[in-house]
Amino acid sequence: RDDTVIGWTHLDLPQLSSLQETAQLTVGVHEECRGHGIGSLLLRRGMEWAEANGYRKLYNSVPVTNEPAIEFLDDHGWHTEAIRRDHYTIDGEYVDEIMMAHETT
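A few points on the structure. (Residues numbered from 1 in each chain as written. Predicted model: local features only at pLDDT ≥ 70, side-chain atom pairs only at ≥ 80, totals over all residues. Heavy atoms only, no water.)

Comments concerning the sheet that holds strand S5 (residues 93-103)
Formally: Pairs of strands are assigned from DSSP output, requiring at least two bridges between the strands. A run of H or I in DSSP counts as a helix once it spans at least four residues, and a run of E counts as a strand once it spans at least two, with each numbered from the N terminus. Where helices are involved, their axes are fitted lines through C-alpha atoms of the stretch in contact, as for all axes, and angles between N-to-C directions lie from 0 to 180°.
Strand order in this open sheet of five strands is S1-S2-S3-S5-S4, and the pairing throughout is mixed. Looking along the sheet, the strands with just one partner apiece sit at the ends: strand S1 (7-12) and strand S4 (79-90). Neighbour to neighbour, the strand axes of the sheet diverge by 25° on average, direction disregarded. Pairing of S4 with S5, which is carried by eight bridges, proceeds in the antiparallel orientation. Opposite Ala 82, over in S5, you have Met 99 as the bridge partner.

Describing the environment of Tyr 59
Heads up, the condition is: In what follows, a contact means two residues having at least one pair of non-hydrogen atoms within 4.5 Å.
Here Tyr 59 is to be found in strand S3 (residues 57-63). Sequence separation of Tyr 59 and Leu 41 is 18 residues, and the distance between their C-alpha atoms is 17 Å. Apart from the residues within four sequence positions on either side, Tyr 59 is in contact with Pro 14, Thr 22, Ala 23, Gln 24, Leu 25, Trp 78, Met 100 and Ala 101.

None of this, on its own, says anything about what the molecule does.
Here it is as structure tokens:
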């Protein structure tokens, strides 16, 4: 918007052969631009690229306090795989990390 980036998607592609079919997919949308489908479009595009390029599993991890992100991923077919207890320190408090995943095939 006006030559300003308002959203992005990123795939972190591990170089280890044992992880070659998995990738971390992250999406971000500027707060003022949320709620218009931009994040959904970016997430879907990243998922489509990963599947077309042989990635069978995508993952993402967020603080359990980031309820909008968890709901967003859940709404797009992602599921919780694990929870890491006290993984983050946010505002002086220990916060769990929720690890979510999506199978592409």
